[in-house]
Amino acid sequence: MDMFYKGVGAVLLGGLVACSPTSTPTDTFSPEHFSAEPALQLFETLSSDELQGRQAGGAESADARALIIDRLEALGVSPVGASFEHPFKYGPFRAPETGTAASPDKDGVNVIGMIPGSQADGIGMVISAHYDHLGVQDGEIFNGADDNASGVVGVLAIAEHFSKTTPTHDIYFVFFDAEEDGFGGARNFIVDPPVSLDTIALNLNFDMVSRGDNGILWASGTHHWPDMVPRVNAVAETAPVTIELGYDQGDGREDWTLLSDHAVFFRVGIPHIYFGVEDHPDYHKPTDDFENVDQTWFLKSVETLIMMSEAMDEDLSEIFEMRQGTLED
Ligand SMILES: [Zn+2]
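Moving on, we come to the packing of helix 4 (residues 145-164) against helix 8 (residues 295-314). Contact pair helix 4 / helix 8: the axes reach a minimum separation of 9 Å and the direction vectors enclose 50°. With respect to helix 8, the axis of helix 4 lies oblique. Seen from above, helix 4 lies across helix 8 with right-handed handedness. Contact residues: helix 4 offers Ser-150, Val-153, Gly-154, Ala-157, Ile-158 and His-161, while helix 8 offers Phe-298, Val-302, Leu-305, Ile-306 and Ser-309. Split into classes, the residues belonging to the contact of helix 4 with helix 8 amount to seven nonpolar, four polar and no charged.

Where helix 2 (residues 36-46) contacts helix 3 (residues 59-75), the two axes come as close as 10 Å, and the packing angle between them is 165°. One finds that helix 2 runs roughly antiparallel with respect to helix 3. Crossing handedness for the pair helix 2 and helix 3: left-handed. For the pair formed by helix 2 and helix 3, the contact residues are Leu-42, Thr-45 and Leu-46 on the first element and Ala-64, Leu-67 and Arg-71 on the second.

On to helix 3, then. Its 17 residues give helix 3 an end-to-end C-alpha distance of 25 Å, which sits within 8% of 24 Å, the value for a rise of 1.5 Å per residue. Buried residues of helix 3: Ser-61, Ala-64, Ile-68, Arg-71 and Leu-72, and no others. What you see down the axis of helix 3 is that its buried residues fit within an arc of 100°, all on one side. Set apart from the buried face of helix 3 by more than 90 degrees, the exposed residues are Ala-59, Ala-66 and Asp-70. Residues of helix 3 that are buried in the fold lie against helix 2, strand 3 (106-115), helix 4 and strand 7 (170-176). Looking one or two residues past helix 3, Gly-76 carries a phi angle of roughly 80°, positive in sign.

The next point concerns the nonpolar core. Residues Met-125, Ile-127, Val-152, Val-155, Phe-173 and Phe-275 are the most contacted members of the largest nonpolar core, which totals 82 residues. Not counting residues within four places of it along the chain, the set of residues in contact with Phe-173 comprises Leu-72, Val-77, Gly-113, Met-114, Ile-127, Val-155 and Ala-159.

The amide bond that connects Asp-147 to the next residue, Asn-148, takes the cis arrangement and shows omega of 5°. In this structure, Asn-148 sits in helix 4. Positive phi is not limited to glycine here, since Arg-54 has a value of about 50°. By the element assignment, Arg-54 lies in the loop between helix 2 and helix 3. Looking at Arg-54, the number of C-beta atoms within 10 Å reads 29, which means it is buried. In this model, Ala-120 sits at a positive phi of 50°, which is unusual for a non-glycine residue.

Most of strand 7 is tucked away, with seven of its seven residues classed as buried. Here strand 7 shows no split at all, with Asp-170, Tyr-172, Val-174 and Phe-176 on one side and Ile-171, Phe-173 and Phe-175 on the other all buried. Pairing of strand 3 with strand 7 involves five bridges; the strand directions are antiparallel. Paired with Ile-115 across the bridge in strand 7 is Ile-171. Looking at chain direction, strand 4 (residues 124-130) and strand 7 are connected through seven bridges and run parallel. Residue pairing in the sheet places Ile-127 in a bridge with Phe-173 of strand 7.

Reading the values: rules and limits
Residues numbered from 1 in each chain as written. Predicted model: local features only at pLDDT ≥ 70, side-chain atom pairs only at ≥ 80, totals over all residues. Axes fitted to C-alpha atoms, helices over the stretch in contact; angles between N-to-C directions. Helix = DSSP H or I, 4+ residues; strand = E, 2+ residues; numbered from the N terminus. Parallel < 35°, antiparallel > 145°, perpendicular 65-115°, else oblique. Left-handed = near helix turned anticlockwise from the far one by under 90°. Contact = placed C-beta atoms within 7 Å. Nonpolar A, V, L, I, M, F, W, Y, C, P; charged D, E, K, R; others polar. Expected span 1.5 Å × (residues − 1). Buried ≥ 20, exposed ≤ 12 C-beta atoms within 10 Å, placed from the backbone. Arc of directions from axis to C-beta. Core = buried A, V, L, I, M, F, W, Y, C linked by C-beta atoms within 7 Å. Pairing = 2+ DSSP bridges.

Here it is as structure tokens:
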């Protein structure tokens, strides 16, 4: 398959359009806050057949981690603890999302990096995405491009941004394993936290952020944290994609509150905003491929996520007070 970015690869356009009609560009977009070309390259590699669907515990899962860690190191992001890799055992469990398994017999590895904030007040934000997907089933590779190579690349783009523009508060870049298997990695983060959960003001979780089939990136979670509504809306005003708030109870739609890794933060009272798109025809299918992503929309989506992260970092002391107030009620 051919890697090409519509701006950078414009010279190649004529030749490639003929053999990949699904990726005919409608417009172009040059992000202000991150480098498009390495982001798209990593997106394509993570969702290529070589990675075999990145199933937790598999050999290719380690390959995916190596790609993520290479990028973190290149950006000068620090590990949390002795290593970027945080191995854990997990097992068959469901609700409650923060419980431990009776027989934890499976292996997973979270990847965690951080950039310290200039204010050194110990208040932090967790920006997360799961890097695992469904692996190979009945001989078919589930490449999980939108779900969730897209989110991984989004978190790394934010790391790139904060490596150039120092954040005010501590930013943790967390790549969860085994989300597709009962939130194994996120549960472990809560049960055996690598950093005190008392210092975490907010979780921004990205899961499926590249398929703008209807042009909307949803922000879910503000129903539980109404003080976050004006903050998200302020960014939405100038964001390059359409942001809508919902899918978090009370709006007549499905409730996404417990449907991805942010659920564990919600369960322990840490505010979260989950960013994602609605289910699309390739959701959890072998056709969730890089080729089916509108690359321009994806770049706009990531730019939006960086703008959100920057705004939330600026407001993080107030968001932390909001969390503390809720705990005291
Ligand atoms: Zn997912």
